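# Descriptive analysis of the structure
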Amino acid sequence: MKIRSLFILTYCIMLMCTVSACDSSSPNETTDSQPATRSTITESQTGASLEIELDQTEIDLAGTVQVIAKTAWSDGVQVELIEPDWDEAGWASHTRTPGTVRFDGTRYSQEFSYTLEPFLSGEYLIPSFGIRAQSDQAGRRIARLQPIDVTVHSVLDESDSEELAPALGFAQPMSEPDQNNSAGIWIGLGVTALSLIIIAVLRVQSHEQHDEELDPEAMITAASSASQLTDSELSGLYRAVVQLSDEHAALKPIAQEIEHARFSGSAIDHIRIRTAATRAAQICGGARS
């Protein structure tokens, strides 16, 4: 309770310092989160879908293009994203960041984020994305989107003669920053750092308290009768089985089976998870009896 009270007091001080240090005349910056273009396709037999978003379709040579690929599918369907060959498309470099698989109660989804950097100015192409979808009823199906054009402008103006402009002389020295504003900024930075430390301490304490309250056998018993588990519940089930495997060696392969099901990249087989939890509960109960 003392740490939480200190955190609240520190947060209030941080707000006061930030307000006093900021220039009230500076305008508020706003960003448009809407993508520049969006393209979608749904495979009719499996119901799997693919959506591609670009944050912009015109950039200068020093800019980047952000591409978001979103896949979605129903239970019983397996989906694989068909990614373009970025090197063949002429992009200088690219980075790929896959997101986690999510479930909203009806459908599974996963996002992939790409950052593209051009090599020279000119016309570029976001090659065709696609999906491979497979189910017992429809078999294996493929759906693809059309490529998307991106224009990369030169950083030089079209009328630029590429000659250096003459020197303008010596620049006037900049006035020293206001000492009050500088002090406010330093105070704000210090308070922010202290707040981050306190938040980290609170999270560690909360995590330790949660681990102490966790009853591994109760977790396994609950999972054996649950129709579906969330990501946090799956993580808790895995930790419970690992913890009890010190006493019951037969639980070690079950822990590996649960971990493989969580991170296989496919839709989580909740029936398999429930069966594994049931076997673990029987092992613990049999050893206890």
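Above: the structure in question.
Rules used in this analysis
Residues numbered from 1 in each chain as written. Predicted model: local features only at pLDDT ≥ 70, side-chain atom pairs only at ≥ 80, totals over all residues. Heavy atoms only, no water. Helix = DSSP H or I, 4+ residues; strand = E, 2+ residues; numbered from the N terminus. Buried < 20%, exposed > 50% of the residue type's maximum accessible area, 1.4 Å probe, protein only. Areas by Shrake-Rupley, 256 points an atom, 1.4 Å probe, with all protein chains shown as cover. Phe/Tyr/Trp six-rings, centres within 6.5 Å; stacked < 30°, edge-to-face > 60°. Pairing = 2+ DSSP bridges. Axes fitted to C-alpha atoms, helices over the stretch in contact; angles between N-to-C directions. Patch = residues over 30% accessible without salt bridge, like charges linked within 9 Å, V, L, I, M, F, W, Y side chains within 5 Å. Salt bridge = Lys/Arg side-chain N within 4 Å of Asp/Glu carboxyl O. Parallel < 35°, antiparallel > 145°, perpendicular 65-115°, else oblique. Left-handed = near helix turned anticlockwise from the far one by under 90°. Contact = heavy atoms within 4.5 Å. Arc of directions from axis to C-beta.

Here we come to the overall build of the protein chain. Summing up its helical and strand segments, the protein chain has 6 helices and 12 strands in all. Put simply, the protein chain has 289 residues, and 29% of those count as buried. With an accessible surface of roughly 19,500 Å², the protein chain has 52% of that area assigned to carbon and sulfur atoms.

What follows is about the packing of aromatic side chains. A complete count under the given rule lists 6 aromatic pairs for this structure. Three or more aromatic residues joined by ring pairs make a cluster, and in this case those are Trp 73, Phe 103 and Tyr 108.

This part is about the sheet that holds strand E10 (residues 130-135). A sheet is described by the order of its strands in space; here 3 strands give the open sequence E5-E10-E11, paired in antiparallel fashion. Each of the sheet's edge strands pairs with one partner strand only, and the pair in question is strand E5 (78-82) and strand E11 (139-144). Neighbour-to-neighbour, the strand axes of this sheet turn through a mean angle of 20°, independent of strand direction.

Now for the sheet that holds strand E3 (residues 58-60). Spatial strand order, E3-E12-E9: 3 strands in an open sheet with mixed pairing. With one partner strand each, in any of the chains shown, E3 and strand E9 (122-126) form the two edges of the open sheet. Between one strand and the next, the sheet's axes are offset by a mean angle of 30°, whatever the strand orientation. Summarising the sheet, E3 and strand E12 (residues 148-153) pair through 3 bridges and their orientation is parallel. Across the sheet, residue Asp 60 finds its bridge partner in E12, namely His 153.

What follows is about a nonpolar patch on the surface. A cluster of nonpolar side chains, Ile 185, Trp 186 and Leu 189, forms an exposed patch at the surface whose accessible area comes to about 380 Å². Mapped onto the fold, Ile 185 is located in helix H2 (residues 179-213). Assessed through its relative accessible area of 47%, Ile 185 is described here as partly exposed.

What follows is about the pattern of salt bridges. Following the criterion strictly, the structure yields 10 salt bridges and no others. Across the pair Glu 53 and Arg 38 runs a salt bridge whose closest N-O atoms are separated by 3.0 Å. Here the residue Glu 53 occupies a position in strand E2 (residues 49-54), and Arg 38 occupies one in strand E1 (residues 37-42), the gap between them amounting to 15 residues. Since its relative accessible area comes to 13%, Glu 53 is described here as buried.

A pair of packed helices is characterised by two quantities: the angle between their axes and the separation of those axes. In contact at an axis separation of 9 Å, helix H4 (residues 231-244) and helix H5 (residues 252-262) are set at 160° when each is read in the N-to-C sense. In terms of orientation, H4 lies roughly antiparallel with respect to H5. Helix-helix and strand crossings are classified by hand; for H4 and H5 the assignment is left-handed. Across from Leu 234, Ser 235, Leu 237, Tyr 238, Val 241 and Val 242 in H4, the residues of H5 making contact are Ile 254, Ala 255, Ile 258, Glu 259 and Arg 262.

This next bit is on the environment of Ile 283. Mapped onto the elements, Ile 283 comes out in helix H6 (residues 270-288). By relative accessible area, which is 27% here, Ile 283 ends up partly exposed. Every residue in contact with Ile 283, bar those within four places of it in the chain, is listed here: His 248, Ala 250, Leu 251 and Ile 254.

By the burial criterion, the buried members of H5 are Ile 254, Ala 255, Glu 257, Ile 258 and Ala 261. Buried residues of H5, viewed axially, fall in a sector of 160°; they line one side.

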